[in-house]
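Below, each chain spelled out in residue letters.
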Amino acid sequence: MDMMIVNARVLTMDPAKPRAEAVALAGGKVLAVGSRAEVEALAGPAARVIDAGGRTVLPGFVESHLHLVLGGSELVQLQLGGVHGFDALKAAFLDYAARNGHRPLLMAQGAAYEILDQPVTRHDLDRIIADRPIAMMSPDHHTVWANTAALTAAGILHGAAMPPGHVVVMGEDGTATGELREFEAFGPILALGGEAHLQLGIATGGEPTPWPDDAMRAADKDKVAAGLAHCAAHGITSMVNMDGNRYTCVLLKEMADEGRLTARVVVPFHMKPHMEMLELERASAMAAEFTGDWVRSGFVKMFMDGVVDSRTAYMLNAYPGTMERGEALFELERFKDICTEIDKRGLQIAVHAIGDAAVRQTIDGYEAAQQRNGKRDSRHRIEHIELIDRADVPRLGALGITASVQPPHPPGAMDFPMSTMDSVFHRARWRDAYLWKTLRDHGAPLAFASDWPVTDVSVMRGIQAAMTRKPYDGAGDERVSLMDTLYAYTAGGAWAGHLDGLTGRLKPGLAADLVIIDGDIEQIPADQIGATEIALTVAGGRITYQGAGFAA
Ligand SMILES: [Zn+2]
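Right, let's walk through the structure included here.

The rules behind each value
Residues numbered from 1 in each chain as written. Predicted model: local features only at pLDDT ≥ 70, side-chain atom pairs only at ≥ 80, totals over all residues. Heavy atoms only, no water. Donors = N, O, S within 2.8 Å, 3.2 Å for Na, K, Ca; no water. Helix = DSSP H or I, 4+ residues; strand = E, 2+ residues; numbered from the N terminus. Contact = heavy atoms within 4.5 Å. Salt bridge = Lys/Arg side-chain N within 4 Å of Asp/Glu carboxyl O. Buried < 20%, exposed > 50% of the residue type's maximum accessible area, 1.4 Å probe, protein only. Pairing = 2+ DSSP bridges. Axes fitted to C-alpha atoms, helices over the stretch in contact; angles between N-to-C directions. Lys, Arg positive; Asp, Glu negative; His and termini not counted. Polar contact = N/O pair within 3.5 Å; in protein donor to acceptor, adjacent residues only side chain to side chain. Expected span 1.5 Å × (residues − 1).

### Here's the deal with the coordination of the zinc ion
And step 1. Around the zinc ion, the donor atoms from the protein are His-65 (NE2), His-67 (NE2) and Asp-451 (OD), and they sit 2.1 to 2.2 Å away.
And step 2. Read in sequence order, the donor residues coordinating the zinc ion give the pattern H-x1-H-x383-D. Of this pair, His-67 sits in the loop between strand E8 (61-66) and helix H2 (68-74) while Asp-451 sits in the loop between strand E21 (446-448) and helix H16 (459-468), and the two are 384 residues apart along the sequence.

Okay, here's the thing in structure tokens:
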């Protein structure tokens, strides 16, 4: 439907015309941006008029790093955010168990690493529920703790052979302690829940066999729909999914054809270390098959390391008080060859790199690809960059590498506890942790995200985190200004996802993707932005979310 939004404070993110008071939408695209009179003159007489009441209007948010299918399916699982101590944990599980008698696995999300005061074991969980498989996942999604029933059912109570970086932690008695680090280790537990085929995009990069039938796909699409509705309520109209396979694309494409897709989704091919180079043919095939405005592929995701909390992030120096420094999941020379091959295929690369050694090795790979193939508009990106050596900071900007970083992630910035800082980073390196402003000042394009379901997908809370973060001891001020933050959540994200010809700014000819904030974002104190609601989300000219208090 054609629409005209008036009486608005429009921040277009288009440098040619940064501010306006009205926007007209037609045929799923932006028709005009300007004064009310200018816009009215162009909008058809049948256009629906929405009075924004002086609220801020922005391009729809671009979530640059999330996991839609996983996030959608986790919405029905037990949520342990904020739960601390054995008694609270037990009460939460018992309540959830009582309401979910039919589930083959009682799965919980958001279990803080320090949920109990000592490291969690299967015996702790057995004291909660012993006769049914139960398990809980850390917020970063890189560790799972399972009870004995779950470990037994999954066949890993006595350990299992694992690829490098993935660990079934074993106790002195020769049985698994219950702590499982990285996906290959806890994949068998998650599979007990009957959703293993939805985990493939992150686990193996493979396709479900047998191919899910109509009924199974319908159930999967309902989970994705729940995830999409959750994102629409946070103003998100585009997203870069950071796991994937062809099945993910097919599900989303079916939803688009059924009119159920409320955000544009970019889906990668997931390249695992054990794969032959030839498997990149599948990445090219996905890129060729999915080229639409709503579902597209065209990039390859890899993991260079794990995460800091489980000390699987690959560091230049040993973790405090240990000899460990994590390990690279790809060997350097092979990684350079893989990057060169992906780049030669005209595809984009996104690598999860958290430790400073992982970040350096990823840059080395991108640099090698550029040296061998020549410079092109590749927009390769690095996801997370939690620690970086100062010598590598200018290399991002010089090579045009996007820093795809998450304002909710630094300990203390939003939901993650400050205690992580001391246990994983040497004090002297706090100044090199979670750099955003520094990377930007050295020329790296920024794209912001939540990594949902790792953290709350709320963009408004993310904006607040980016603007209010306090410097770590001995570190510089890494806060980013409101306008730079909004840019990284809109036009910056669109550029980093090769979506800039489609969305990310409010400009005639681009997609009718916008969000109305419930207030004037330039007047809201930074520490209250996170509590500000979304009034209206519009994707492709269609209203995908309307706040309860907003009469459109
Ligand atoms: Zn992720």
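### Quick word on the side chain of Asp-356
And step 1. Checked against the element boundaries, Asp-356 lands in helix H12 (residues 356-373).
And step 2. Apart from the residues within four sequence positions on either side, Asp-356 is in contact with Tyr-314, Met-315, Leu-316, Leu-387, Ile-388, Asp-389, Asp-392 and Arg-429.

### Some thoughts on the pattern of salt bridges
And step 1. Summed over all chains, the structure comprises 46 salt bridges.
And step 2. Where Arg-395 meets Asp-364, a salt bridge forms, and the shortest distance between an N and an O atom there is 2.7 Å. On the criterion of sequence distance, the pair formed by Arg-395 in helix H13 (residues 393-399) and Asp-364 in helix H12 is long-range, its members being 31 residues apart.
And step 3. In this structure, Glu-367 and Arg-395 form a salt bridge, with 3.1 Å as the shortest nitrogen-oxygen distance. Here Glu-367, found in helix H12, pairs with Arg-395, found in helix H13; they are 28 residues apart in sequence, far enough to count as distant.
And step 4. Residue classification places Glu-367 among the partly exposed residues on the basis of a relative accessible area of 26%.
And step 5. The structure contains a network of salt bridges with shared partners spanning Asp-214, Arg-217, Lys-221, Asp-222, Glu-254, Glu-258 and Arg-260.

### Let's talk about the sheet that holds strand E6 (residues 48-51)
And step 1. Strand order across the open sheet formed by 4 strands is E5-E4-E1-E6, with mixed pairing between neighbours. Only two strands of the sheet have a single partner each, and these edge strands are strand E5 (29-34) and E6. Direction aside, neighbouring strands of the sheet carry axes that sit 15 degrees apart on average.
And step 2. Sheet topology note: the strand E1 (residues 3-6)/E6 ladder contains 4 bridges and is parallel. The residue bridging Ile-5 from the neighbouring strand is Ile-50, located in E6.

### Overview of the side chain of Asp-305
And step 1. Looking at the secondary structure, you find Asp-305 in the loop between strand E17 (295-303) and helix H11 (332-344).
And step 2. Buried within the structure, Asp-305 lacks any salt-bridge partner; Lys-301 is the closest side chain of opposite charge, at an N-O distance of 9.7 Å.
And step 3. From its side chain, Asp-305 meets the backbone nitrogen of Ile-354 in a polar contact 3.1 Å long.
And step 4. Once you skip the residues sitting within four places of it in the chain, Asp-305 turns out to touch Thr-312, Ala-313, Tyr-314, Glu-327, Leu-329, His-352, Ala-353, Ile-354, Gly-355 and Ala-358.

### Notes on helix H9 (residues 246-257)
And step 1. Between its first and last C-alpha atoms H9 spans 16 Å; for 12 residues at 1.5 Å apiece the expected length is 16 Å, and the two agree.
And step 2. Every buried residue belonging to H9 is among Tyr-247, Thr-248, Cys-249, Val-250, Leu-251, Leu-252, Glu-254 and Met-255, and all of these are buried.
And step 3. The first or second residue beyond H9 is Gly-259, which carries a positive phi of 75 degrees.

The values reported here are purely geometric and, on their own, carry no functional implication.
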